[in-house]
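Spelled out from the first residue to the last, the chains are:
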Amino acid sequence: ALWRYALFVLVVLGALLGGAVVSWFLRHYATRLTARTPWNLDDHLVSNAAQPAQLVVQTLGIWLGLMLLVVGSMPIAIVGLCTRLAMTVVAAAVLWYLSRLVDVADRYLRTLAERDDNPLDTTVVDVARRAMRISVLVIGIVFIGNNLLDWDITALLASAGVVGLALAFAAQDTIANFFGTLMVLVDRPFRVGERVVIDGADGPVESIGFCSTRIRTLDGHLVTLPNKSVANAKIENVGRR
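A. How the structure looks around a nonpolar patch on the surface. Nonpolar side chains collect at one region of the surface, where Trp 3, Leu 7, Leu 64 and Leu 68 lie side by side and expose about 360 Å² of accessible area between them. For Leu 68, the position within the fold is in helix 3 (residues 50-70). Residue classification places Leu 68 among the partly exposed residues on the basis of a relative accessible area of 31%.

B. Highlighting the packing of aromatic side chains. All chains considered together, the criterion is met by 1 aromatic pair. Where Phe 25 meets Tyr 29, the ring centres are 5.3 Å apart and the plane angle is 35 degrees; that geometry is what we call tilted. Placement of both Phe 25 and Tyr 29 in helix 1 (residues 2-34) is noted, with a separation of 4 residues, approximately one turn of the helix. Taking the relative accessible area as the measure of exposure, Phe 25 reaches 38% and is therefore partly exposed.

C. Geometry of the pairing of strand 2 (residues 201-208). Looking at chain direction, strand 1 (residues 195-198) and strand 2 are connected through 4 bridges and run antiparallel. Residue pairing for strand 2: Arg 195 is matched across the bridge by Pro 204. Two successive antiparallel strands, strand 1 and strand 2, enclose a turn made up of 2 residues, where Asp 199 displays a positive phi of approximately 50 degrees. Here strand 2 pairs with strand 3 (residues 212-216) via 3 bridges, running antiparallel. Across the sheet, Ser 207 pairs through a bridge with Arg 214, a residue of strand 3. Between strand 2 and strand 3, which pair antiparallel in sequence order, lie 3 residues.

Conventions and cut-offs
Residue numbering note: each chain is counted from 1, following its sequence as written. Given that this is a predicted model, residues contribute local features only at a pLDDT of at least 70 and side-chain atom pairs are listed and counted only at 80 or more, while totals for whole chains, interfaces and linings are drawn from all residues. The basis for every side-chain value is the complete set of non-hydrogen atoms in the structure, without hydrogens or water. Note that patches include only residues with greater than 30% relative accessible area and no salt bridge, and the join distances are 9 Å for like charges and 5 Å for nonpolar side chains (Val, Leu, Ile, Met, Phe, Trp, Tyr). Exposure was quantified through the Shrake-Rupley algorithm and a 1.4 Å probe, taking into account, for residues, occlusion by the shown protein chains and nothing else. Definition used for salt bridges: Asp or Glu carboxyl oxygen within 4 Å of a side-chain nitrogen of Lys or Arg. Elements are defined by DSSP. Helices are runs of H or I of four residues or more, strands are runs of E of two residues or more, and each kind is numbered from the N terminus. Summary of the burial criterion: residues with accessible area below 20% of their type's maximum are buried, those above 50% are exposed, and those between are partly exposed, where the area comes from a 1.4 Å probe applied to protein chains only. When the centres of two rings from Phe, Tyr and Trp lie within 6.5 Å, Trp using its six-membered ring, the rings pair. Their planes under 30 degrees apart give stacked, over 60 give edge-to-face, and anything left gives tilted. Strands qualify as paired when DSSP identifies two bridges or more between them.

Following this line, the structure appears as structure tokens:
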């Protein structure tokens, strides 16, 4: 019926306008309220929610318009497909917001690491940021697959366990290097920028990665040492003498 098309257009336009209003409210009005508080965390929570909230409102509005248009005239499978697509976009918007919060946490931890009176190291911040991003991604994939796409998560986890076991045998050195990285970060025998002597390599530490540590020797050469060797090596920290 013609009135269904007219209602669909009105609902979609209202959703687009409503999403823009929600984004404007969070950017301009809600941030003024949070600016009155003595801490900055709520400012970042509100300001980073503007675009994801706009996407959620507009997606739900378009989904509502489609439901008013197709319910009763389209097969149930089409209606279910539209609903799943809408919920997938909403879940993606939530993951987008969580990813932005990871950036907020990264900036906050990095600010703490740059203070002289704080023992936190920037290398630990880099590892924590990567771990948080991977965690958000994995949680999002599992949630969307299990609740919206009807994946058999149990079978996937079983398959992942078999594949992971095979990869563990094939990548023993990589796993050993990763645990060596954890030992270096926990024990902290050196920091980035300090001059060290490890296995004959003498120079400042340029970076500490997931699997290796890079040292720029005094004659300009770049030496890459696997972290499993660094964790077991005798380390002479010249920069702390």
